[in-house]
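Listed below are the residues making up each chain.
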Amino acid sequence: METLAFFAYALYLAIIVGGGFVAVTNPDLVRALVGLVAAMFGVAGMYFLMNAPFVGLMQLLIYVGAISVLIFFAIMLTRPPAGGEEQTPSTRRPMAVLAAAAPVALLGVICFKAFKQTVAVPDETGIKELGMGLLGTYGLAFELISVVLLVAMVGAVLLGFKRREEA
Amino acid sequence: MSSLFLFHLAGLVLLGLGFFGLIQRKTLVGMLISVELLLNGAGLSIVASAKLTAADDVLGQLSSLLIMGLAAAEATLVLAIILVVLRRFGSVETDTISTLRD
């Protein structure tokens with residue numbers, strides 16, 4: 001059973017790495033979006049592997065379902081006449097690798113040394129407990145996130161309006 | 001190597017790829033894709049930390065849900081901002097729209 005879980009983990013990690021790599025390097029933005037969706041599927045698989053099925057389903061629903069469609073709209077609305085390709089100047093690439101590697105190395109050392117695992121096999125938390133937490137202990141955060149979503153929606157609509165020409 | 005570190009490793013991979021893309025991409029849409037990768041990694045790390053240690057499980061899962069909500073709000077606003085920038089500059093390439101040094 002342990003080896004089976006490890007194989008599932010390796011599969012999901014491969015999906016995340018491959019999808020993420022396509023998402024950040026492919027010059028065609030539509031292909032990059034497909035890579036992003038693959039990486040999100042891999043993360044959802046990791047949630048299921050951690051015995052958190054509700055978060056996994058929300059990952060599929062919100063990220064794969066909603067946000068990817070939003071990004072697709074952004075790609076389609078901004079597509080230049082040449083056809084969505086972007087050329088990266090090669091001078092920027094070494095700096096990007098450096099800027100990505102530095103925080104990852106630092107956090108990796110901290111994660112490896114500081115945090116110790118105390119639970120061998122996580123048990124599932126029911127949706128009931130999550131709902132009680134959402135309406136009880138963490139009710140304020142729940143209300144605030146709905147306000148944030150409302151403000152973001154109204155702000156997006158306001159920004160989208162074309163200003164009327166002054167006569 | 002504990003399984004907690006393995007899950008953190010996946011989060012770190014997403015973090016590294018996201019930072020790399022954020023700096024290396026030239027258009028605003030490509031940067032938006034990279035930011036989504038970053039937020040995915042953050043959520044994964046938080047849920048792993050809550051699930052595999054003695055920390056409160058409900059808190060970890062709800063934090064991840066809040067991150068997803070914030071990501072949705074951010075994507076909505078960035079889409080609107082991209083449209084405004086496109087209308088004003090006629091392009092979403094960062095080199096064209098950075099006018100501070102001119």
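As the structure is a prediction and not an experimental result, all values here were calculated from the model.

**Student:** Looking at this structure, how should I read the overall build of chain B?
**Tutor:** Secondary structure assignment for chain B yields four helices and zero strands. Mapped from its N terminus to its C terminus, chain B presents α and β elements in the order α-α-α-α. The globule rule puts the C-alpha radius of gyration for 102 residues at 13 Å, and the 17 Å found for chain B is more than 25% above it. When its C-alpha atoms are laid out on the principal axes, chain B stretches across 55 × 25 × 20 Å. Residues classed as buried in chain B amount to 54% of the 102 residues present. Considering only contacts in chain B between residues 6 or more positions apart, those separated by 24 or more positions represent 47%.

**Student:** When you look at the overall build of chain A in this model, what are you seeing that I'm missing?
**Tutor:** From N to C terminus, chain A includes six helices and zero strands. Going from N to C terminus, chain A has its helices and strands arranged as α-α-α-α-α-α. In chain A, which comprises 167 residues, the proportion classed as buried is 23%. When contacts within chain A are restricted to residue pairs at least 6 apart in sequence, those whose partners lie at least 24 apart make up 52%.

**Student:** Sorry, what's going on with the environment of F89 of chain B here?
**Tutor:** Summarising the element assignment, F89 of chain B is placed in helix 3 (residues 57-89). If sequence neighbours within four positions are ignored, F89 of chain B has contacts with T96 and I97 of chain B.

**Student:** Explain helix 3 (residues 53-78) of chain A to me, please; I cannot follow it from the model alone.
**Tutor:** Residues separated by three or four positions in an α-helix point in the same direction, a consequence of the helix having 3.6 residues per turn. Between its first and last C-alpha, helix 3 of chain A extends 36 Å over 26 residues, near the 38 Å set by a 1.5 Å rise per residue. For helix 3 of chain A, the principal kink sits at I67 of chain A and spans about 30°. Of all the residues in helix 3 of chain A, the buried ones are V55, M58, Q59, Y63, I67, I71, A74, I75 and T78 of chain A. In the core, the buried residues of helix 3 of chain A are packed alongside helix 2 (29-49) of chain A together with helix 2 (28-52) and helix 3 of chain B.

**Student:** Would you take a moment to explain the interface of chain A and chain B for this structure?
**Tutor:** For an interface, size is often stated in terms of accessible area lost upon the parts coming together. Between chain A and chain B, the residue contacts involve 71 residues of the former and 61 residues of the latter. Those elements giving two or more residues to the side of chain A that touches chain B turn out to be helix 1 (2-25), helix 2, helix 3, helix 4 (92-114), helix 5 (127-135) and helix 6 (139-160) of chain A. Along the lines of polarity and charge, the residues of the side of chain A that touches chain B split into 56 nonpolar, eleven polar and four charged.

**Student:** What is the right way to read the nonpolar core from this model?
**Tutor:** Side chains that are nonpolar tend, in soluble globular proteins, to be buried together. Judged by nonpolar contacts, the single largest core of 59 residues is most densely connected at M46 and I71 of chain A together with V29, I33 and V47 of chain B. Of all the secondary structure elements, the ones that give two or more residues to this core are helix 1, helix 2, helix 3 and helix 4 of chain A together with helix 1 (3-24), helix 2 and helix 3 of chain B. When near neighbours in sequence (up to four residues on either side) are disregarded, V47 of chain B contacts Y47, M50, A52 and V55 of chain A together with G60, Q61 and S64 of chain B.

**Student:** Any chance you could explain the confidence of the model for chain B here in plain terms?
**Tutor:** Interpreting fine coordinate detail is not advised for predicted regions of low pLDDT. Residue-level pLDDT values for chain B average 89, and 98% of them are 70 or greater. Interface scoring of the predicted complex returns ipTM 0.91; its pTM is 0.89.

**Student:** When you look at the packing of helix 2 of chain B against helix 3 of chain B in this model, what are you seeing that I'm missing?
**Tutor:** Helix-helix packing is described using two parameters, namely the angle between the two axes and the distance between the axes. Residue and element names in this part refer to chain B. Where helix 2 meets helix 3, the axes come as close as 8 Å, and the angle between the chain directions of the two elements is 175°. With respect to their mutual orientation, helix 2 and helix 3 come out roughly antiparallel. A breakdown of the residues in the contact of helix 2 with helix 3 according to their chemical character gives 16 nonpolar, six polar and three charged.

**Student:** Whenever I open this one, the confidence of the model for chain A confuses me. Can you help?
**Tutor:** Per-residue confidence for chain A averages 87 on the pLDDT scale, and 89% of its residues sit at or above 70. Mean pLDDT values over the elements of chain A span from 88, in helix 4 of chain A, up to 94, in helix 2 of chain A.

**Student:** When you look at the packing of helix 1 of chain B against helix 2 of chain B in this model, what are you seeing that I'm missing?
**Tutor:** Residues and elements named next belong to chain B. One can describe the packing of helix 1 onto helix 2 by two numbers: an axis separation of 8 Å at closest approach and a directional angle of 165°. Between helix 1 and helix 2, the crossing angle belongs to the class labelled roughly antiparallel. The hand of the helix 1/helix 2 crossing is left-handed. Residue composition of the contact of helix 1 with helix 2, grouped by class: 15 nonpolar, ten polar and no charged.

**Student:** Where do I start with the environment of Q117 of chain A in this structure?
**Tutor:** Residue placement: Q117 of chain A occurs in the loop between helix 4 and helix 5. For Q117 of chain A and L135 of chain A, which are 18 residues apart along the polypeptide, the C-alpha to C-alpha distance reads 29 Å. If near-sequence neighbours (up to four positions away) are discounted, Q117 of chain A is found in contact with S2, S3, L4, L52 and T53 of chain B.

Rules behind the numbers
- Residues numbered from 1 in each chain as written.
- Chains lettered and ligands numbered in written order.
- Predicted model: local features only at pLDDT ≥ 70, side-chain atom pairs only at ≥ 80, totals over all residues.
- Helix = DSSP H or I, 4+ residues; strand = E, 2+ residues; numbered from the N terminus.
- Rg over C-alpha atoms; globule rule 2.2 N^0.38 Å.
- Buried ≥ 20, exposed ≤ 12 C-beta atoms within 10 Å, placed from the backbone.
- Contact = placed C-beta atoms within 7 Å.
- Expected span 1.5 Å × (residues − 1).
- Bend = angle between axes of the 7 residues up to and from the residue.
- Nonpolar A, V, L, I, M, F, W, Y, C, P; charged D, E, K, R; others polar.
- Core = buried A, V, L, I, M, F, W, Y, C linked by C-beta atoms within 7 Å.
- pLDDT = per-residue confidence, 0-100.
- Axes fitted to C-alpha atoms, helices over the stretch in contact; angles between N-to-C directions.
- Parallel < 35°, antiparallel > 145°, perpendicular 65-115°, else oblique.
- Left-handed = near helix turned anticlockwise from the far one by under 90°.

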